Amino acid sequence: MSSLATLQRDFMDALFDIGQPSGPGMAVYRRNVQSNLHDALVATYPVVRRLVGESFFREAARRYSRESPSRSGDLTEYGAQFAAFLASYPHARALPYLADVARLEWACHECLHAADAGALDFAALGRVGAKRHGDIRFQLHPAVRLVRSPHPIGAIRAANLSGGDASVSEAGPDHLVVARSGGEVRVASVDAREWDFLAALARGAAFEEASAAYGAEDGAALTGALARAVESGVIAAFALAEARA
Amino acid sequence: MRPAGALDRRSVGIGLRAPHYGALVEQQPKLGFLEAHSENFFGAGGPALAWLERFRADYALSLHGVGLSLGSADPLDERHLGKLDALVKRIEPALVSEHLCWSSIGERHANDLLPLPFTREALDHVVARIDATQERLGRRILVENVSSYFAFDVSTVPEWEFIAEAAKRSGCGVLLDVNNIHVNAANHGFDPYAYLDAIDPASVGEYHLAGFEVADGCLIDTHGSRVDDAVWSLYAAAVERIGARPTLVEWDCDLPALDVLLGEAATARSILAGSSRANAGAEAIA
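Residues numbered from 1 in each chain as written. Chains lettered and ligands numbered in written order. Predicted model: local features only at pLDDT ≥ 70, side-chain atom pairs only at ≥ 80, totals over all residues.

S.K.: Which residues make up the overall build of chain A, and what are the values?
M.R.: The helix and strand inventory of chain A stands at 11 helices and 5 strands. Evaluated residue by residue, chain A yields a buried proportion of 38% over its 245 residues. Residue pairs in contact within chain A that sit at least 24 positions apart in sequence constitute 65% of those at least 6 positions apart. (Helix = DSSP H or I, 4+ residues; strand = E, 2+ residues; numbered from the N terminus. Buried ≥ 20, exposed ≤ 12 C-beta atoms within 10 Å, placed from the backbone. Contact = placed C-beta atoms within 7 Å.)

S.K.: Before we move on, could you go through the pairing of strand β3 (residues 33-37) of chain B and cite the residues and values that matter?
M.R.: Residues and elements named next belong to chain B. When you tally the buried positions in β3, you get 4 out of 5 residues, the bulk of the element. Viewed along the sheet, the connection from strand β2 (residues 12-15) through helix α1 (residues 21-27) into β3 turns out right-handed. Note: β3 against strand β4 (residues 61-64), 4 bridges, orientation parallel. Bridge pairing in β4 links E35 to S62. Handedness of the β-α-β unit built from β3, helix α2 (residues 47-56) and β4 comes out right-handed. (Right-handed = clockwise from strand over helix to strand, strands pointing away. Pairing = 2+ DSSP bridges.)

S.K.: Run through the domain arrangement of chain A, naming residues and quoting values.
M.R.: Splitting chain A by domain gives domain 1 (1-95) and domain 2 (114-245). Centre-to-centre separation of domain 1 of chain A and domain 2 of chain A, based on C-alpha positions: 35 Å. (Domains from an automatic or database assignment.)

S.K.: With reference to specific residues and values, describe unusual backbone geometry.
M.R.: Cis geometry marks the peptide bond from A:G172 to A:P173; its omega dihedral reads -5°. Within the secondary structure layout, A:P173 lies in the loop between α8 (153-161) and β3 (174-181). One non-glycine residue, B:E92, lies in the positive phi region at around 50°. Relative to the helices and strands, B:E92 resides in the loop between α3 (78-91) and β5 (95-99). For B:E92, a count of 13 C-beta atoms within 10 Å puts it in the partly exposed group. A positive phi angle, close to 55°, is found at B:H223, a residue other than glycine. As for its placement among the helices and strands, B:H223 is situated in the loop between β12 (218-220) and α8 (229-241). A tally of 21 C-beta atoms within 10 Å means that B:H223 is categorised as buried.

S.K.: Describe the interface of chain A and chain B, naming the residues involved and giving the relevant values.
M.R.: With 36 residues of chain A in contact, the opposing surface of chain B contributes 37 residues. Elements with a minimum of two residues in the side of chain A that touches chain B: α1 (3-15), α2 (26-44) and α6 (98-113) of chain A. Among the elements that take part in the side of chain A that touches chain B, α1(A) stands out by supplying 9 residues, more than any other. Looking at the side of chain A that touches chain B, its residues break down into 18 nonpolar, 13 polar and 5 charged. (Nonpolar A, V, L, I, M, F, W, Y, C, P; charged D, E, K, R; others polar.)

S.K.: How would you explain the sheet that holds strand β10 (residues 204-209) of chain B if you had to name every residue and give the values?
M.R.: Residues and elements named next belong to chain B. Here we have 8 strands rolled up into a closed barrel, ordered β2-β3-β4-β5-β8-β9-β10-β13, and parallel in their pairing. On average, adjacent strands in this sheet sit at an angle of 25° to one another, irrespective of strand direction. Where β2 meets β3, 3 bridges bridge the pair, whose relative direction is parallel. Paired with G13 across the two strands is F33, which belongs to β3. (Axes fitted to C-alpha atoms, helices over the stretch in contact; angles between N-to-C directions.)

S.K.: Give me the lowdown on the sheet that holds β3(A), citing residues and values where you can.
M.R.: What links the strands of a sheet is backbone hydrogen bonding, and the strands pair in either a parallel or an antiparallel sense. Residue and element names in this part refer to chain A. With antiparallel pairing, 3 strands are arranged side by side in an open sheet as β2-β3-β4. One side of each edge strand has no neighbouring strand; the edge strands of this open sheet are β2 (145-149) and β4 (184-189). Strand-to-strand, the axes of this sheet are offset by a mean angle of 25°, without reference to chain direction. Here 6 bridges tie β3 to β4, and the two strands are oriented antiparallel to one another. By the bridge assignment, S181 is partnered in β4 with E184. Of the strands in this sheet, β2 and β3 are in contact with helix α9 (residues 192-202), which crosses β2 at around 140°.

S.K.: Summarise the packing of α8(B) against helix α9 (residues 258-274) of chain B; cite the residues concerned and give the values.
M.R.: Geometrically, a packed helix pair is captured by the angle between its two axes and the distance between the axes. All names here are of chain B. Between α8 and α9, whose axes approach to 9 Å, the crossing angle comes to 35°. Handedness of the α8/α9 crossing: right-handed. Facing α8, whose interface residues are W232, Y235, A236 and V239, α9 presents T267, I271 and L272. Its residues placed into classes, the contact of α8 with α9 shows 6 nonpolar, 1 polar and no charged. (Left-handed = near helix turned anticlockwise from the far one by under 90°.)

S.K.: I'd love a proper account of the nonpolar core, names of residues and values included.
M.R.: Judged by nonpolar contacts, the single largest core of 142 residues is most densely connected at A:A102, A:V178, B:V143 and B:L209. It is α6(A) that provides the largest number of residues to this core, a total of 10 residues. When residues of this core are assigned to domains, at least three fall in each of domain 1 (1-95) and domain 2 (114-245) of chain A. In contact with A:A102, not counting residues within four places along its chain, are A:Y45, A:V48, A:F82, A:A83 and A:L86. (Core = buried A, V, L, I, M, F, W, Y, C linked by C-beta atoms within 7 Å.)

S.K.: An account of the packing of helix α4 (residues 120-137) of chain B against helix α5 (residues 159-170) of chain B is needed here, citing residue identities and associated values.
M.R.: All names here are of chain B. Taken N-terminus to C-terminus, the directions of α4 and α5 make an angle of 45°; their axes are 9 Å apart at the nearest point. For the element pair α4 / α5, the angle class is oblique. In the crossing of α4 with α5, the sense of the turn from one axis to the other is right-handed. The segment α4 lies against α5, with L123, V126, V127, I130 and D131 engaging F162, E165, A166, R169 and S170. Taken together, the residues that form the contact of α4 with α5 break down as 6 nonpolar, 1 polar and 3 charged. (Parallel < 35°, antiparallel > 145°, perpendicular 65-115°, else oblique.)

S.K.: Let's hear about α1(A): which residues, and what values?
M.R.: The end-to-end C-alpha distance of α1(A) is 18 Å, a good match for the 18 Å that 13 residues give at a rise of 1.5 Å each. The elements touched by buried residues of α1(A) are α2 of chain A together with β6 (102-105), β7 (108-114) and α4 of chain B. One or two positions beyond α1(A), positive phi appears at A:D17, with a value near 65°. (Expected span 1.5 Å × (residues − 1).)

S.K.: Pulling in residues and values, what's your account of helix α11 (residues 219-231) of chain A?
M.R.: All names here are of chain A. Helix length check: α11 (13 residues) gives 18 Å between terminal C-alpha atoms against 18 Å at 1.5 Å per residue, within 8%. All of the buried residues in α11 are A225, L226 and A229. End-on view of α11: buried residues confined to an arc of 95°, all on one side of the axis. Exposed side of α11, more than 90 degrees from the buried face: A220, T223, G224, A227 and E231 are the residues found there. (Arc of directions from axis to C-beta.)

S.K.: An account of the environment of B:D200 is requested, with residue identities and associated values reported.
M.R.: Residue and element names in this part refer to chain B. By the secondary structure assignment, D200 is in the loop between α7 (192-198) and β10. For D200, a count of 11 C-beta atoms within 10 Å corresponds to the exposed category. Distance in space between the C-alpha atoms of D200 and D74 is 30 Å, their sequence separation being 126 residues. Those residues in contact with D200, other than ones at most four positions away along the chain, are A164, A167 and K168.

What follows is the structure, given as structure tokens:
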């Protein structure tokens, strides 16, 4: 290893308290680094922070920075494993919904930075013959994320973002659609079969198969679910699957 | 109209920060350019990029990277460079800059601007990395001197020789952060004016100005206050010795109202306008 690499490894270890070499000024770097990583998590996980309080959050962020080091020069990418970290964090056991709230917040974070897409081409969709409707593969907007939990995480997020009571009396489960509208992230609650239908589309299922996931016998309700997804921009494009043999 | 091409030598800009977006759109202040942190716009889409393109319609932009880790002994991060390249092609900024530092090793990132040892080995390494970056982006970049709170015993040359040599050998420009020179002069005990004398005027493409704080007997480059009087004096000396160059006022922590930044920018403008070398020529900086 080059002496530059060795020097940098020693310095990095000292930054995270792992190694010995220290000296005047190292404390400044330790503080800067810890505060940059902490602030990045605060920006992405405001609800988790409000639920646990700042001193709990700060300690969790410090431990997370050691267990899941930042892997990118772009801090936007930092914090992807925070939900998994919280799920196995012994101090968070009293809050069984905490990891799922974090999962929802990461989904919102990804949604905000995901690619843009044009609107659904209705004219082209109208030209698809009725016999091929089952072969249509609706594609979700690249910013859409689907999250579900046995806990009422959507209500918990909404209550905490509006400064309301941190404890929510509603029961789960929650089936949520995270989407971007007018440059802002919106979290909508849907019922379980509508969520299953959208999840099938997200997996690339053709309409016929996704309908089965919904429960195809209820045609009117399915049409309603499809219309909502199209109107809200959750569905942004479509393609035709290969014709069945 | 989308401003094109190079900046005038007497352009003064401010750092583009999200809390000021609304005020900038409303007031439309006259500014030479806006400088954005490149990584804040690395996303594939969404509102951040939409805002940047909106400002690009009215202002010249400078892209200032904080995460490339130019001085790291790790291989250059091709994914990061690819995102920077795509952003540069999309925005067509007047200036692209990075820092003469390292931020990562063993694929672990500190997401901070860490100091390099000023050795022959580090110099050879960073010159090759600047070369590779300029090659990848197909353009010259500016490289900024960083503030530091730690000095390595193994360093063999002073900081000013290191950055001057890096610019000379790689052909990159120097983004001279006047506040960082002041901070390092105080922290490491050297003459900040001697630093200015060591820098080839032809290499300097931009100045940075910002505020610092004092903590633990150390000056810390926090970008959280007004530019200090000593830094204004050093800046005026730099403009005299080196010449007028596009100048940026940066503010990151405890962001004040936009008007406070515009006031600092006006001070910089008056120093640029009053200097003899500034008046001698108004050629543009590529």
